[in-house]
Amino acid sequence: MSDASKRRLRWWHLVFLVLLIVGTILIVHQHANNPYHHNHGMVFGTLYNITYQHESDIQPEIDSVLHQVDYSLSPFNPESVISHINSNSDMKTDTMFRDVFELSMRVSEVTNGAFDITVAPLVNAWGFGFKNGTMPNSHAVDSLLQLVGYRKVHLSPRGEVSKSDPRIMLDCSAVAKGYGCDVVARLLRSHGIDNYMIEIGGEVVVRGQNERHQSWRIGVSKPVDDSLRVNTEQQAILSITDRALATSGNYRNFYYKDGQKYAHTIDPHTGYPVSHSLLSATVLARDCATADAYATAFMVLGADRAKQLLSTHDELQAYLISAAPDGSYEIWYSPALESKLLP
């Protein structure tokens, strides 16, 4: 190649590089000027609030993917995949159900069954007991325990569920809201959206920055013992981004009988409501389904055992609120959250 040809080639390389830089700047500038949209709605029997920066509002697409999650995982939808499995009418699954089932089995193994999607019969029995004041007796609990245990259900390579007993029922409610957040997050990322906050019934996924060009501010609710009003009191505010957060708590779901306070969280091992002092567990993880599952598991394990598990799982952080003997709150949080707590 002659010197003149080499010079022309270098010149075209330079022109191409300049055009690439200018084009990138224009795209970034255009994205930076996109408006933030605020979508609200109902799903899984609760409210959702989604904020994202994009050139257009895509709420119809958001509602569509959330409907798919409901169709897969809702035990209240008689046509859902999980409803067919529970009625033994069709044991075939879809991708969403398989995602949640496999995640649930992993968390069950790590927590030694503190998280268990087969606990539904016990939850239902105690739930009805809380409503009508007739608690299940020990015989009923022992009978139902025979239908509980995550090792009693399996997913075949062909995607079909098998149960050791056809009466076993599955309930993924403890992870569905978190999974819904993750599904919406995937949708937003597929649109090239880098700044968003997704909240479904208190479970949250955030990425990028808010409208003030800051990390997202997410509150940890104070465990106020009052089920008659919406709790807006915050125990702490976390400044986070590129993270998922889920909270589980007993402070509003309980029942008094003969002076005894019963929590709605049922221990899958004993069949009875938990009796420790942990009021709420907020868990941060890479995805919200995982955070949701561990938050539920921690409410079964209690604060001490939750801390032990956290000490060997650096990918998780938690903010735990327990009841002290004098009625005050005992606060514990992962050291990694120190820098994320706002004064």
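Conventions used here
Residues numbered from 1 in each chain as written. Predicted model: local features only at pLDDT ≥ 70, side-chain atom pairs only at ≥ 80, totals over all residues. Heavy atoms only, no water. Buried < 20%, exposed > 50% of the residue type's maximum accessible area, 1.4 Å probe, protein only. Helix = DSSP H or I, 4+ residues; strand = E, 2+ residues; numbered from the N terminus. Pairing = 2+ DSSP bridges. Contact = heavy atoms within 4.5 Å. Axes fitted to C-alpha atoms, helices over the stretch in contact; angles between N-to-C directions. Core = buried A, V, L, I, M, F, W, Y, C linked by side-chain atoms within 4.5 Å. Lys, Arg positive; Asp, Glu negative; His and termini not counted. Salt bridge = Lys/Arg side-chain N within 4 Å of Asp/Glu carboxyl O. Polar contact = N/O pair within 3.5 Å; in protein donor to acceptor, adjacent residues only side chain to side chain. Expected span 1.5 Å × (residues − 1). Arc of directions from axis to C-beta. Parallel < 35°, antiparallel > 145°, perpendicular 65-115°, else oblique. Left-handed = near helix turned anticlockwise from the far one by under 90°. Phe/Tyr/Trp six-rings, centres within 6.5 Å; stacked < 30°, edge-to-face > 60°.

This part covers the pairing of strand β5 (residues 196-200). Within β5, 5 of the 5 residues are buried, which leaves the element mostly enclosed by the surrounding structure. In terms of strand pairing, β5 meets strand β6 (residues 203-207) through 5 bridges, oriented antiparallel. Among the inter-strand pairings, Met197 is bridged to a residue of β6, identified as Val206. Hairpin remark: β5 followed by β6, antiparallel, with 2 residues in the connecting loop; positive phi at Gly201, about 55°.

In this section: the side chain of Asn86. By the element assignment, Asn86 lies in helix α3 (residues 81-86). Note on Asn86: relative accessible area 13%, which makes it buried. Not counting chain neighbours up to four residues away, the residues in contact with Asn86 comprise Lys163, Ile168, Met169 and Leu170.

A few words on the sheet that holds β5. With respect to topology, 8 strands assemble into an open sheet ordered β1-β2-β5-β6-β9-β12-β13-β14, the strand pairing being antiparallel. Two strands lie at the open edges of the sheet, namely β1 (36-43) and β14 (329-333), each paired on one side alone. In this sheet, neighbouring strand axes are inclined to one another by 10° on average, regardless of whether the strands run parallel or antiparallel. Against the sheet, helix α2 (residues 59-73) engages β1, β2 (46-53) and β5, with an angle of about 135° to β2.

Judged by nonpolar contacts, the single largest core of 69 residues is most densely connected at Ile62, Phe97, Leu188, Ile198 and Phe298. The greatest single-element share of this core, amounting to 11 residues, is contributed by helix α8 (residues 288-301). The residues contacting Ile198, other than those within four sequence positions of it, are Asn49, Ile50, Cys181, Val184, Ala185, Leu188, Glu203, Val204 and Val205. Of all hydrophobic cores here, the second largest spans 16 residues; its members include Val204, Trp216, Ile218 and Ala236.

A separate point is the side chain of Asp116. By secondary structure assignment, the location of Asp116 is in the loop between α4 (95-110) and α5 (120-132). The buried charged residue Asp116 lacks any salt bridge partner; its closest oppositely charged side chain belongs to Arg151, at an N-O distance of 8.2 Å. In terms of polar contacts, Asp116 uses its side chain to reach the side chain of Thr118, at 2.6 Å. With near-sequence residues (within four places) excluded, Asp116 lies in contact with Ser108, Val148, Gly149, Tyr150 and Pro268.

This part takes up the pattern of salt bridges. Scanning the model with the defined rule gives 5 salt bridges in all. The salt bridge partner of Arg151 is Glu109, with a shortest N-O separation of 3.6 Å. With Arg151 in the loop between α6 (138-145) and β3 (153-155) and Glu109 in helix α4, this residue pair connects regions lying 42 residues apart in the sequence. Here Arg167 and Asp165 are joined by a salt bridge, their closest N and O atoms 3.0 Å apart. With a relative accessible area of 55%, Arg167 lands in the exposed category. Residue Asp165 is classed as buried on the basis of its relative accessible area, which comes to 17%.

Our next topic: α2. In an α-helix, one turn spans 3.6 residues; hence positions three or four apart end up facing the same way. Spanning 15 residues, α2 covers 21 Å between terminal C-alpha atoms, matching the ideal 21 Å at 1.5 Å per step. Residues of α2 that are buried: Gln59, Ile62, Val65, Leu66, Val69, Asp70, Ser72 and Leu73. Buried residues of α2, viewed axially, fall in a sector of 165°; they line one side. Every exposed residue of α2 that faces more than 90 degrees away from the buried side is listed here: Pro60 and His67.

Taking every second residue as pointing to the same face, the buried face of strand β7 (residues 216-221) carries Trp216, Ile218 and Val220, while none of Arg217, Gly219 and Ser221 on the other face is buried. With 6 bridges joining them, β7 and strand β8 (residues 234-240) adopt antiparallel strand pairing. Its bridge partner lying in β8, Ser221 is registered against Gln234.

The next subject is the packing of α4 against α8. Across the interface, α4 lies against α8 with an axial gap of 10 Å and an inter-helix angle of 40°. Comparing the axis directions of α4 and α8 gives the class oblique. Seen from above, α4 lies across α8 with right-handed handedness. Across the interface between the two elements, Leu103, Val107 and Val110 from α4 touch Ala289, Thr290, Ala293 and Tyr294 from α8.

Taking 1.5 Å of rise per residue, 18 residues should cover 26 Å, and helix α7 (residues 173-190) covers 26 Å from first to last C-alpha, within 8% of that figure. Buried within α7 are the following residues: Val175, Ala176, Gly178, Tyr179, Gly180, Cys181, Asp182, Val183, Val184, Ala185, Leu187 and Leu188. Among the structural elements, β2, α2, α4, β5, β6 and α8 are those in contact with the buried residues of α7. After α7 finishes, the residue Gly192 shows a positive phi value of roughly 75°.

Turning to the packing of aromatic side chains, a few remarks are in order. Here the structure, examined in full by the defined rule, presents 4 aromatic pairs. A centroid spacing of 6.1 Å and a plane angle of 50° characterise the contact between Tyr294 and Phe298, whose relative ring orientation is tilted. Residue Tyr294 and its partner Phe298 are both found in helix α8; the two are separated by 4 residues, about one turn of the helix. For the pair Tyr294 and Phe298, a shared accessibility class is recorded, and that class is buried.

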